[in-house]
Every structure is written in structure tokens, then in C-alpha cells.
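Next come the chains, spelled out residue by residue.
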Amino acid sequence: MEKQASLGMGVETTDVEADTAINSPATWRDFVNLAKPGILFSNAITAFGGFWVASGWHIQWDKLIYMLLGTVLVMASGCVLNNYLDRDMDKKMTRTQKRATAVGSIAPQTVLWYGIVLGVVGLSVLWFLTNPLTALLGLLGLFIYVWIYTAWFKRSSVWSTFVGSFSGAMPTLLGYCAVQGQIDAAGLILYGIMFLWQPPHFWALGIRRMEEYRAAGFPLLPVVKGTYITKMAMVRYIVLLVPISLLLYWLGYVGPLYFFAATIMGLYWAFLSLKGFKAEDEVQWAKKMFIYSINYLTLLYIIMVISTTPLP
């Protein structure tokens, strides 16, 4: 279930006035954007991949649709509630200053109820139309993302990205458990891939937008510890991600195509991360890292689906 930050326009107003001021009427696009559709799409791919690996090409299409619907609604709930809680800090970053919650075009209480309703509906779909374990994992991921990550660690600790990864890795496990109804080796490997992918992905954005995060008051790792320590941390996660991702092959869940693709893409990402220590322009390097991380994850899961070993 993925995470991000916020901005400000420098408007001379109190927090209460900012919350109640309606600068422009809300549109349906504002409500869609509050759910962060880009994040929903990328995480839906990982949920789909988890479902496919668990199915071994024996796809229950109705359950796949229910899983995706429930998972997307739960993720949307987390994103909306994230916007609700971050609305004060979103006014301090250029990247997020046009969000409806930041400019005041949607009342905070409306956003709050919007997020709650999405979560209740999504969890209900998972509980009744997939299985209780998937719904409980969705609830756990939502709780960690909204209350442990957004409301607590994001505002107080350099460990926020690490903590947020526990919830951000959940969609692929939801997809897997919707089929298997249990957490086994393959489910843990899929979860591990997503868990290890997220910190270097988000820290690349953190380096690129470091001064915005600093101005907003987010104690992100590059803001507090600097870019060298952040680059070291990124390398550690990526280097560990490569062998973890290959476990799917060694345990027979995917074929050779996945093995070679995961190895090459993972090693190149590690090489790209090491180049950051000699980068003359850290912002450009961080941008390349961020874009590559998105492409890496998308291609990895597409190849994972194509290369899934059929079950007898």
C-alpha cells in the first residue's frame, strides 16, 4: 500500500481557516485524486501478481475481480486518510500544494468519512467474497499505514519509511492469500520483495525532494542523516532484494525467464545505486533511481506472471 508527502503555498492563514476555506468547488476528479490512482494502479499490479502465482494459471476470475476490487478500495481508503492527516503539511511542499485537502476545496470531515467508507466497503468485499484472512491482512495493512506510519512515524522518526514498508508490501500478499487462504513460503517471498523494494524507491524521491521535505518538517532519512547515509541504506536494501527475489525460482514457483530477468534487473539497480556515490548531480541521479525503481517493479511482476509455473 505505498506512501508519499506534501507542500505549501505560503498563504497567510491559520490552520483552522485553511481547513475551512473553500477556494474552489470540488469536482469528481478531486475525489479520484485523493485516492492517489497512480499508487493504486502500481499496487494493483503486485496484488494481481500475487494472485496469479498462487493460482498457477488455474484462475478463478470472479475471485480475482473481487480481490482486486477489495484491495483497491482498502488502498484508496489508506490514501484518502493519509491526505486527511497530512493536510497541514501538504501546504508546505510544492509537490502536494494543489491537493484538494491542501487548498480546502473539500471539507476535512468529508475527506475523513470518504476514507472510512472506502475502507469499510473494501474490507467487506475481501471478507465475504475472498476469505477472512485476506480481509484481516487488509485491515492490518490499513491500520499500520494510517495510524502507525502516517499519524506517528512519518512526523517523528527517520524509521518512517521502514515502518511504512510493512503496510506497503501488503497488496501482493493479499492477492496471494485470496487464493491460498494461508501464508506460506511463496507468500512470504512476495511480501519480502515488496518490503525491500520500497525504501530505496521512496528514498530516491526523498533525495530528489529533500528541501521540500525539510521545509514541511518530515524527518525523512536524507533530511536528518544526509544523502551519504541514505545511499548506503539504499544499497543494502537493493543488494538484499536480488537474492530474495530469486527464491521464487529456486522454490519452483516461476521459470527461467523470471530468474534471468530478476537477476539482470536487480544487479543493474544495484549498479545504479552505487553510481550515486560519485554522482555530480544528486537530484538527477535520484530521479533516475526513482524512475528505474518503478520500471523494475512493473517489469518484474509482468515477467513473474508470464513465467509462473503451472500447477498440475
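Predicted, not measured: the structure shown is a model, and the values here were computed from it.

Caption draft 1: Highlighting the overall build of the protein. Each helix and strand counted, the protein has 15 helices and zero strands in total. The C-alpha atoms of the protein give 20 Å as radius of gyration, which agrees with the globular expectation for 312 residues (20 Å, within 12%). The C-alpha extent of the protein, read off along each of the three principal axes, is 65 × 50 × 25 Å. Here the protein holds 312 residues, and the buried ones make up 56% of them. For the protein, the proportion of contacts with a sequence separation of at least 24, taken over those separated by at least 6, is 80%. Carbon together with sulfur atoms contributes 69% to the accessible area of the protein, which is approximately 13700 Å² in total. Charge centroids of the protein, computed over 22 positive and 16 negative side chains, lie 6 Å from each other.

Caption draft 2: Molecular detail of the pattern of salt bridges. Inspection of every chain in the model, using the stated rule, returns seven salt bridges. Here Glu212 makes a salt bridge to Arg209, at a shortest N to O gap of 2.9 Å. According to the relative accessible area criterion, Glu212 is buried, its value standing at 16%. For Arg209, a relative accessible area of 24% corresponds to the partly exposed category. One salt bridge connects Arg214 with Glu211, and the closest N-O pair in it is separated by 3.1 Å. Taken together, the residues Arg214 and Glu211, both in helix H11 (residues 210–216) and three residues apart, mark about one turn of the helix. Judged by relative accessible area, which is 40%, Arg214 ranks as partly exposed.

Caption draft 3: Examining the side chain of Lys231 more closely. The residue Lys231 is located in helix H13 (residues 227–250) in this model. What Lys231 contacts, discounting residues up to four positions off in sequence, is Ile207, Gly276, Phe277, Glu282 and Trp285.

Caption draft 4: Main features of the environment of Gly70. Structurally, the position occupied by Gly70 is in helix H4 (residues 61–85). Sequence spacing of Gly70 and Leu118 is 48 residues, and the spatial spacing of their C-alpha atoms is 9.3 Å.

Caption draft 5: The arrangement of the packing of aromatic side chains in detail. Counted under the stated rule, the structure contains 24 aromatic pairs. Considering the side-chain rings of Trp152 and Phe153, the 4.6 Å spacing of their centres and the 50° angle between planes classify their relative orientation as tilted. Judged by its relative accessible area of 18%, Phe153 is buried. Ring centres of Tyr191 and Phe195 lie 6.5 Å apart, and the angle between their planes is 25°; on these two criteria the pair is classed as stacked. Taken together, the residues Tyr191 and Phe195, both in helix H10 (residues 185–208) and four residues apart, mark about one turn of the helix. For the residue pair Tyr191 and Phe195, the accessibility class agrees, reading buried in each case. Pairwise contacts between aromatic rings join Trp159, Phe162, Phe166, Tyr191 and Phe195 into one cluster.

Caption draft 6: Geometry of the confidence of the model for the protein. Residue-level pLDDT values for the protein average 92, and 92% of them are 70 or greater. A low-confidence stretch, residues 1–22 (pLDDT under 50), is modelled with 85 contacts involving residues beyond four sequence positions or located in other chains.

Caption draft 7: Representation of the nonpolar core within the structure. Counting residues in hydrophobic clusters, the biggest one holds 81 residues, and the most contacted among them are Tyr258 and Met304. It is H10 that contributes the most residues to this core, 14 residues altogether. With sequence-adjacent residues up to four places away left out, Met304 is seen in contact with Val53, Leu190, Ile193, Leu248, Val254 and Tyr258. Counting residues in hydrophobic clusters, the runner-up holds eight residues, among them Trp52, Leu64, Ala178 and Val305.

Caption draft 8: Spatial organisation of the environment of Tyr249. Mapped onto the secondary structure, Tyr249 falls in helix H13. Assessed through its relative accessible area of 25%, Tyr249 is described here as partly exposed. Put simply, Tyr249 and Val32 are 217 residues apart on the chain and 38 Å apart in space, counted from C-alpha to C-alpha. Leaving out residues up to four positions away in the same chain, Tyr249 has contacts with Val254, Gly255, Pro256 and Phe259.

Caption draft 9: Structural view of the packing of helix H9 (residues 170–180) against H10. Two elements in contact, H9 and H10, have axes separated by 8 Å at closest approach and are oriented at 160°. Between H9 and H10, the interaxial angle falls into the category roughly antiparallel. For H9 against H10, the interelement crossing comes out right-handed. Two secondary-structure elements touch here, H9 through Met170, Thr172, Leu173 and Tyr176 and H10 through Ala186, Gly187, Leu190, Tyr191 and Met194.

Rules used in this analysis
- Residues numbered from 1 in each chain as written.
- Predicted model: local features only at pLDDT ≥ 70, side-chain atom pairs only at ≥ 80, totals over all residues.
- Heavy atoms only, no water.
- Helix = DSSP H or I, 4+ residues; strand = E, 2+ residues; numbered from the N terminus.
- Rg over C-alpha atoms; globule rule 2.2 N^0.38 Å.
- Buried < 20%, exposed > 50% of the residue type's maximum accessible area, 1.4 Å probe, protein only.
- Contact = heavy atoms within 4.5 Å.
- Areas by Shrake-Rupley, 256 points an atom, 1.4 Å probe, with all protein chains shown as cover.
- Lys, Arg positive; Asp, Glu negative; His and termini not counted.
- Charge placed at Lys NZ, Arg CZ, Asp CG, Glu CD.
- Salt bridge = Lys/Arg side-chain N within 4 Å of Asp/Glu carboxyl O.
- Phe/Tyr/Trp six-rings, centres within 6.5 Å; stacked < 30°, edge-to-face > 60°.
- pLDDT = per-residue confidence, 0-100.
- Core = buried A, V, L, I, M, F, W, Y, C linked by side-chain atoms within 4.5 Å.
- Axes fitted to C-alpha atoms, helices over the stretch in contact; angles between N-to-C directions.
- Parallel < 35°, antiparallel > 145°, perpendicular 65-115°, else oblique.
- Left-handed = near helix turned anticlockwise from the far one by under 90°.

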